[in-house]
Amino acid sequence: MAGGENARRGEVSGSPVPRYSARHAQWHWATPQAQLILATGDLSSILRFYRRVHGLNQSALGELLGYDKTYISALELGKRVLEDVGSRRRVCDLLQLPPHVLGITDPADTDFRAMLQFGESTVRLAEIARQSGHAAEAVSELWPLAARLEARIEDGHTERDVLHLLARARVSLGVALGNVLPEERLATAAHWTGKSLQIAEYFQDRGMTSYVLRMHGNELRKANLRGAAVQRLCRAAATAPDHNARAAVLPLLARAAGALGNGPLFDRVMRETEELLSCVDHTSLFNPFSLHEIRLRGLVSTGRTDIAMRLVEHSPVPTTIVAPQWRVIESITVAHVQLLADDRSGAAESLDVAAQEAVMQRLPHQLQRIMRTAGTRLPAVHAAASQSLDRIRGEMAA
C-alpha cells in the first residue's frame, strides 16, 4: 500500500484507534443487501455501505480506521487500494468483518469458521439429546454456546451466520430448559425462546420466523401464559411458508387452544391437523400417539370428558420411536381421564409408570403434573412424586 501508512493518523503515541460504541454495532452485515456487497470483496463498496448504514461522513470513517478524509475518498473511488495483508486485516477488525471478505485467510478466519461448525454441531447434537430424554445434557452444551455467541455479537461481530446460529441456540436452550425446569421457573424457558424473535423477524425469513414463534408459543403455554401462547402459535401458522411448516405448528396450537378452553378453535385446528398430516411426512414430530394425547387433554379442558373417556379405551400403540417425555406426558393425561371415569387403579398404574420415567429423565414439571393429577384421591402416588421432586430440586440446587 504505497503511501497508506503515511495516511494513517489514528494511533498517536501508541494509543489504540478509537472504536465506535455498541450503538454502532448494528446488524449491518447480516442484511441481504450487505451480503451482495460483501460477496464482491470490493473495499470501495464496503466502505460506502458502512458509512451509509451508520450515517458517517468520510472524516468520521477516517477517524475510525486511522486514515485521513482524502485517503478514504481515494479508497472509495478506487484510486487507492489496500495491498498489504496487515492493512486489510486491520480494516476487517475495525469494521467487524470476517477476514476472508477482503481475501485474507488467517488463524482468525479459520477460528471463525471452526466456531460456526462447532456451534452447528452442538445445536444438532443437543436436539438429539433432548429428544432422546437427555435434556439436562442438552442444556449443559447449549448454555456456554449461547453465551459465547452473545458475547461475540455484543462486541460488534454481527455476521449473518452467527446471528442464525444464535437464534437456533437460544430456541434449543429454551426448549431444553422447558423439560428440566419446575413449573415455577418455566418462564425462563419462554424467555430464551423469545430472545430469538428479534433475529428471526430482522431477517424476514418466514420459515425461521414460524419456527421461532412455534417453539416460543409452546413454552409460553407450559408457563401458563395461555393467551400469549395462542397468539404466538396463530402467528406461526400464518407465517408458515409451506404445508410441512404449518403441520408442525397446528398440533401445538391445538394444545394451547385446549388449555385456553377455546373449544371451537381446538376443534378447527385438530381437523386441519389431521388433514395436513395425512398428506405430509411429519411423523418425526407428531405421530398418532402424540396427537392422541393432545386430543385427550383438549377434550378434557373444553368440558368433553365423556368423549375423552371413550377415547382412552382406544389408545394407539406407538408406531414410531416416541421421545421418552411424550410417553410420560401421555400417561399422565390418560391417568387424568381414568380418574374422571373413577378408575383409580388404572390411574394409579398410569401415574406410577409416568413417575418412574419422569425421575429417570429428570422431568420436574411432569412430576408436578403427576402430583396435581393424583391430588387427594391417590395420596400414595402424590407423596411419592413429591419426594422425587424434592430430590431433583435438591440436586439442581447443589
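Thresholds, definitions, all that
Residues numbered from 1 in each chain as written. Predicted model: local features only at pLDDT ≥ 70, side-chain atom pairs only at ≥ 80, totals over all residues. Heavy atoms only, no water. Helix = DSSP H or I, 4+ residues; strand = E, 2+ residues; numbered from the N terminus. Buried < 20%, exposed > 50% of the residue type's maximum accessible area, 1.4 Å probe, protein only. Areas by Shrake-Rupley, 256 points an atom, 1.4 Å probe, with all protein chains shown as cover. Contact = heavy atoms within 4.5 Å. Axes fitted to C-alpha atoms, helices over the stretch in contact; angles between N-to-C directions. Parallel < 35°, antiparallel > 145°, perpendicular 65-115°, else oblique. Left-handed = near helix turned anticlockwise from the far one by under 90°. Nonpolar A, V, L, I, M, F, W, Y, C, P; charged D, E, K, R; others polar. Phe/Tyr/Trp six-rings, centres within 6.5 Å; stacked < 30°, edge-to-face > 60°. Lys NZ or Arg CZ within 6 Å of the ring centre and 35° of its normal. Salt bridge = Lys/Arg side-chain N within 4 Å of Asp/Glu carboxyl O. Core = buried A, V, L, I, M, F, W, Y, C linked by side-chain atoms within 4.5 Å. 1 Å grid on protein atoms, 1.4 Å probe; cavity = no way out; pocket = protein on both sides within 12 Å on 5 of 7 lines; lining within 4 Å. Points joined across faces, edges and corners; volume = space filled by probe spheres on them.

**Thoughts on the overall build of the protein chain**
What the protein chain contains, in helices and strands, is 21 helices and zero strands. When each of the 398 residues of the protein chain is scored for burial, the buried share is 52%. Accessible area for the protein chain stands at about 18400 Å²; split by element, carbon and sulfur atoms hold 53% of it.

**Concerning the environment of Ile329**
The topology assignment puts Ile329 in helix 18 (residues 324-340). On the basis of relative accessible area, Ile329 is assigned to the buried category, the value being 11%. Residues Ile329 and Ile294 lie 35 residues apart in sequence; the distance between their C-alpha atoms is 9.6 Å. Contact partners of Ile329, with chain neighbours within four places excluded, come to Arg255, Glu293, Arg297, Gln366 and Arg369.

**Some details on the packing of helix 14 (residues 243-260) against helix 15 (residues 263-277)**
Closest axis-to-axis distance for the helix 14/helix 15 pair is 9 Å, and the angle between their directions is 150 degrees. By the angle between their axes, helix 14 is roughly antiparallel relative to helix 15. Between helix 14 and helix 15 the crossing geometry is left-handed. Each of His243, Arg246, Ala247, Leu250, Pro251, Leu253, Ala254, Ala257 and Gly258 in helix 14 lies in contact with helix 15, whose residues at this interface are Leu265, Phe266, Val269, Met270, Glu272, Thr273, Leu276 and Leu277. Each residue belonging to the contact of helix 14 with helix 15 can be placed in one class, and the counts come to twelve nonpolar, three polar and two charged.

**Examining the packing of aromatic side chains**
Applying the stated criterion to the full structure yields three aromatic pairs. Geometrically, the ring pair formed by Tyr67 and Tyr71 is tilted, given 5.0 Å between the ring centres and 50 degrees between the ring planes. Seen from the ring of Tyr67, Arg90 lies directly overhead, with NZ or CZ sitting 6.0 Å from the centre. Over the ring of Trp192 we find Lys195, and its NZ or CZ is 4.3 Å from the ring centre.

**Focus: the pattern of salt bridges**
The full count for this structure, using the stated rule, is 16 salt bridges. We note a salt bridge from Glu76 to Arg51, for which the minimum N-O separation is 2.6 Å. Of this pair, Glu76 sits in helix 5 (residues 69-76) while Arg51 sits in helix 3 (residues 43-54), placing them 25 residues apart in sequence. In this pair, the class of Glu76 matches that of Arg51, namely buried. A salt bridge links Arg255 to Glu293; its shortest N-O distance comes to 2.5 Å. With a gap of 38 residues between them, Arg255 in helix 14 and Glu293 in helix 16 (residues 288-301) connect regions that are remote in the sequence. Using a relative accessible area of 7% as the deciding quantity, one classes Arg255 as buried. Using a relative accessible area of 0% as the deciding quantity, one classes Glu293 as buried.

**Describing the nonpolar core**
Membership of the largest hydrophobic core comes to 71 residues, with the highest contact counts inside it found for Leu149, Val162, Leu173, Leu177 and Ile199. The dominant element in this core, judged by the number of residues it contributes, is helix 9 (residues 160-180), at twelve residues. Contacts of Leu149, omitting those with residues within four sequence positions, involve Met115, Val162, Leu165, Leu166 and Ala169. Of all hydrophobic cores here, the second largest spans 26 residues; its members include Leu38, Leu75, Val91 and Leu102.

**With respect to empty space enclosed by the protein**
Where empty space is left becomes clear once a probe the size of a water molecule has been rolled over the atoms. Throughout the structure, instances matching the rule amount to one cavity of 30 Å³ or more. Empty space within the largest cavity amounts to approximately 30 Å³. Every residue lining the largest cavity is listed: Ala254, Arg255, Gly258, Ala259, Phe266, Ile294, Arg297, Gly298 and Ser301. Mapped onto the lining of the largest cavity, the elements with two or more residues apiece are helix 14 and helix 16. Class assignment of the residues belonging to the lining of the largest cavity gives a composition of four nonpolar, three polar and two charged.

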